[in-house]
Amino acid sequence: MSLPLKELINYGKTQLERAGIEDADRDARGLYCFLDRLDSVGLMMHWQDVLQDNQCEAYFELIERRAAGEPFQYITGTQEFMGLTFAVDPSVLIPRQDTETVVEDAEELIQKGTLRDRPYGKPGAIKEILDLCCGSGAIGISLAKRCGRLKVTCSDISAPAIATARRNAAANGCKSVRFEQGDLFEPFSGKLGRKKFDMIISNPPYIASSVIPELQREVREHEPLEALDGGEDGLDFYRCIASEAAGHLHKNGVLMLEIGFDQGEAVTEMLRETGLYGDVTCLKDLAGKDRIVTAKKLKKPLDSAVQP
Ligand code: GLN
């Protein structure tokens, strides 16, 4: 069956609409662009072309995958984040726009020593950072790219995620980013036990286990559960990070965490209660929802601090 491109894409759109895909038109066009390596202008220029059987079949295969709920980004294998292209696959979460806010705040802090224009440390104090639970490496690699001499280490429990993150660092020209594989701070216990950072930044799994079945099909069925599931109340990773991060930070070192929209209070409280951090601050995302909690390691823990 040969079809004009215009009809082919219309057919793709209809299939996606029938499958309940939200942005059927965008995805139908996007998948063709991916297949034929076109941008949206190129697509318009070929709009009247008549396509051969094999091209139509290749397109239908992509449409079928998308109609079955596979995320667009896993089909094309990439996601744009902070103006960079990141390779993504089912071993890593697809970087979200919400996380761009985290990177923007971190960059401001690293470059200027301020957080949304409020002084939050000395300019130039942050020279070395750890991106904990790095997944595709989106946070660490974007910061390495944007902040000249910044030293960046990315770590994750998942070996395939680290492999993807390494590829992303290379593809984006960030050769000096280092990678460690292991559970949370485990890679920084043995040989690297004395290593300390000026900032630890993390977007850990934070969805409550009971909420996972309610997530969008794309997320629930295709994205890595271990990158999403934060335990019974979604806060398991923050508990561990709150108690352990201070031991891996220099004095005045900063902890910056992405959080779920309803976790601001709990995470802020949790960090305060440790007695290890001061200046605990919750920041909102572009939608006006709580999205980030930052804290600074105190020079001396408060008396209330639980001694390990
Ligand atoms: N923001 C992601 C989502 O809502 C979750 C990210 C995470 O658990 N770290 O799907």
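Scroll up to find the structure this text is about.
Residues numbered from 1 in each chain as written. Predicted model: local features only at pLDDT ≥ 70, side-chain atom pairs only at ≥ 80, totals over all residues. Heavy atoms only, no water.

(A) Quick look at the layout of surface pockets. As a volume, the largest pocket reaches approximately 1200 Å³. Contributing to the lining of the largest pocket are 39 residues, with Arg 96, Asp 98, Gln 216, Val 219 and Glu 223 lying nearest its centre. Those elements giving two or more residues to the lining of the largest pocket turn out to be helix H2 (24-36), helix H5 (72-76), helix H6 (97-112) and helix H9 (217-222). Looking at the lining of the largest pocket element by element, the count peaks at three residues for H9. Of the residues that constitute the lining of the largest pocket, the class distribution is 17 nonpolar, eight polar and 14 charged. Considered as a void within the structure, the second largest pocket measures approximately 400 Å³ in volume. If you go around the second largest pocket, you meet 31 residues; those closest to its centre are Cys 133, Cys 134, Gly 135, Asp 156 and Asn 203. (1 Å grid on protein atoms, 1.4 Å probe; cavity = no way out; pocket = protein on both sides within 12 Å on 5 of 7 lines; lining within 4 Å. Points joined across faces, edges and corners; volume = space filled by probe spheres on them. Helix = DSSP H or I, 4+ residues; strand = E, 2+ residues; numbered from the N terminus. Nonpolar A, V, L, I, M, F, W, Y, C, P; charged D, E, K, R; others polar.)

(B) How the structure looks around the packing of helix H1 (residues 5-18) against H2. Where H1 contacts H2, the axes come no closer than 8 Å and their chain directions differ by 130 degrees. Between H1 and H2, the crossing angle belongs to the class labelled oblique. Considering only the axes of H1 and H2, their crossing is right-handed. Contact with H1, carried on its side by Leu 5, Leu 8, Ile 9, Gly 12, Lys 13, Leu 16 and Glu 17, involves Ala 24, Asp 25, Asp 27, Ala 28, Arg 29 and Tyr 32 of H2 and no other residues of that element. By residue class, the composition of the contact of H1 with H2 is seven nonpolar, one polar and five charged. (Axes fitted to C-alpha atoms, helices over the stretch in contact; angles between N-to-C directions. Parallel < 35°, antiparallel > 145°, perpendicular 65-115°, else oblique. Left-handed = near helix turned anticlockwise from the far one by under 90°. Contact = heavy atoms within 4.5 Å.)

(C) The packing of H6 against helix H7 (residues 138-146), seen in detail. It is the contact of H6 with H7, at a shortest axis distance of 10 Å, that shows an interaxial angle of 40 degrees. Here H6 lies oblique to H7, going by the angle between them. Viewed along their axes, H6 and H7 form a crossing whose handedness is right-handed. Listed contacts from H7 to Thr 99, Val 103, Ala 106, Glu 107, Ile 110 and Gln 111 of H6 are Ile 139, Ser 142, Leu 143 and Arg 146. Along the lines of polarity and charge, the residues of the contact of H6 with H7 split into five nonpolar, three polar and two charged.

(D) Structural context of unusual backbone geometry. The phi dihedral of Met 82 is positive, around 50 degrees, even though this residue is not glycine. Considering the arrangement of structural elements, one finds Met 82 in the loop between strand E3 (78-81) and strand E4 (84-87). Residue Met 82 is classed as buried on the basis of its relative accessible area, which comes to 11%. In this model, Arg 116 sits at a positive phi of 50 degrees, which is unusual for a non-glycine residue. Among the structural elements, Arg 116 can be located in the loop between strand E5 (114-115) and strand E6 (118-119). Using a relative accessible area of 35% as the deciding quantity, one classes Arg 116 as partly exposed. (Buried < 20%, exposed > 50% of the residue type's maximum accessible area, 1.4 Å probe, protein only.)

(E) Region of interest: the site of the ligand. In the vicinity of the ligand, the contacting residues are Leu 93, Arg 96, Asn 203, Pro 204, Pro 205, Tyr 206, Ile 207, Ala 227 and Leu 228. At 2.8 Å, a side-chain N or O of Arg 96 approaches an oxygen atom of the ligand. Separating a nitrogen atom of the ligand from a backbone N or O atom of Pro 204 is a distance of 2.6 Å. Protein contacts shield 87% of the accessible area of the ligand, which totals 300 Å² for the unbound molecule. Class assignment for the residues of the shell around the ligand results in seven nonpolar, one polar and one charged. (Near = heavy atom within 4 Å. Polar contact = N/O pair within 3.5 Å; in protein donor to acceptor, adjacent residues only side chain to side chain. Areas by Shrake-Rupley, 256 points an atom, 1.4 Å probe, with all protein chains shown as cover.)

(F) Seen up close, the pattern of salt bridges. The full count for this structure, using the stated rule, is 21 salt bridges. The closest approach of N and O atoms between Asp 233 and Arg 239, which form a salt bridge, is 2.3 Å. For Arg 239, a relative accessible area of 37% translates into the label partly exposed. In this structure, a network of salt bridges that share partners links the residues Asp 23, Arg 26, Asp 27, Arg 66 and Glu 218. (Salt bridge = Lys/Arg side-chain N within 4 Å of Asp/Glu carboxyl O.)

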